[in-house]
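Structure at a glance
For reference, the chains in residue letters:
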Amino acid sequence: MQNLTLNKRFLFIDILRSSAIIMMFITHTARLITFHNDNNIIQAFFDFFMMIEPIIAAIFLFISGYSLRLTFQNNQKWYSKKNKIIKNLFIWSILLHAIQYGILIDQLIFSS
């Protein structure tokens, strides 16, 4: 019974993931390319994807959160063993973030 839940795929999430990857690829391509031609259709195509870029980022956040929830739901034993490691990684990330901005404080004070 447990193997069925672990191997179960969600078609909607797979389609959403693949479409989000393709849309993000198009958006990043539009950021790198500068158009100097008269083809307004291509320019409008890239402008549309630049306009919906926040929606694409939100899709990525939704997919990652939903995937994490499914992972923790299907692997309760894994989560209970790795919970301490996850907390330590979170604490390390906060510490490194504080160090980074602590280093930049002198630049903010003395540069102005």
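Residues numbered from 1 in each chain as written. Predicted model: local features only at pLDDT ≥ 70, side-chain atom pairs only at ≥ 80, totals over all residues. Heavy atoms only, no water.

With respect to the element layout, L16 can be found in helix α2 (residues 11–32). The class of L16 is buried, set by a relative accessible area of 16%. In the structure, L16 is positioned 47 residues away from I63 in sequence and 7.8 Å away in space, judged by C-alpha atoms. With near-sequence residues (within four places) excluded, L16 lies in contact with I59, F62 and I63. (Helix = DSSP H or I, 4+ residues; strand = E, 2+ residues; numbered from the N terminus. Buried < 20%, exposed > 50% of the residue type's maximum accessible area, 1.4 Å probe, protein only. Contact = heavy atoms within 4.5 Å.)

Let's shift gears to the confidence of the model for the protein chain. Taken as a whole, the protein chain shows an average pLDDT of 76; of its residues, 71% reach a score of 70 or greater. The least confident element of the protein chain is helix α1 (residues 2–7), whose mean pLDDT is 46; the most confident is α2, at 88. (pLDDT = per-residue confidence, 0-100.)

On to the nonpolar core. Considering soluble globular proteins, one finds that nonpolar side chains tend to be buried as a cluster. Counting seven residues, the largest nonpolar core consists of M24, I26, A30, F46, F49, I52 and I56. Elements with a minimum of two residues in this core: α2 and α3 (40–51). The element that contributes the greatest number of residues to this core is α2, accounting for three residues. Among all residues touching A30, those that are not within four sequence positions of it are F46 and M50. (Core = buried A, V, L, I, M, F, W, Y, C linked by side-chain atoms within 4.5 Å.)

Where side chains of opposite charge bring their charged atoms close, a pairing between them can arise. This structure, assessed with the given rule, holds two salt bridges. Across the pair R17 and D14 runs a salt bridge, and its minimum N-O distance is 3.0 Å. Taken together, the residues R17 and D14, both in helix α2 and three residues apart, mark about one turn of the helix. Note on R17: relative accessible area 29%, which makes it partly exposed. (Salt bridge = Lys/Arg side-chain N within 4 Å of Asp/Glu carboxyl O.)

One pair of aromatic rings is described through two measures. These are the centre distance and the angle between the planes. In this structure the tally under the stated criterion is four aromatic pairs. Look at F48 and F49: their rings are 5.5 Å apart centre to centre, the planes differ by 75°, and that puts the pair in the edge-to-face class. Given the relative accessible area of 40%, F48 is considered partly exposed. You can call F49 buried: its relative accessible area is 9%. Their ring planes at 20° and their centres at 5.9 Å tell us that F62 and Y66 sit as a pair that is stacked. Within this pair, F62 and its partner Y66 are both found in helix α4 (residues 53–74), separated by four residues, close to a single helical turn. The exposure class assigned to F62 is partly exposed, which follows from its relative accessible area of 42%. (Phe/Tyr/Trp six-rings, centres within 6.5 Å; stacked < 30°, edge-to-face > 60°.)

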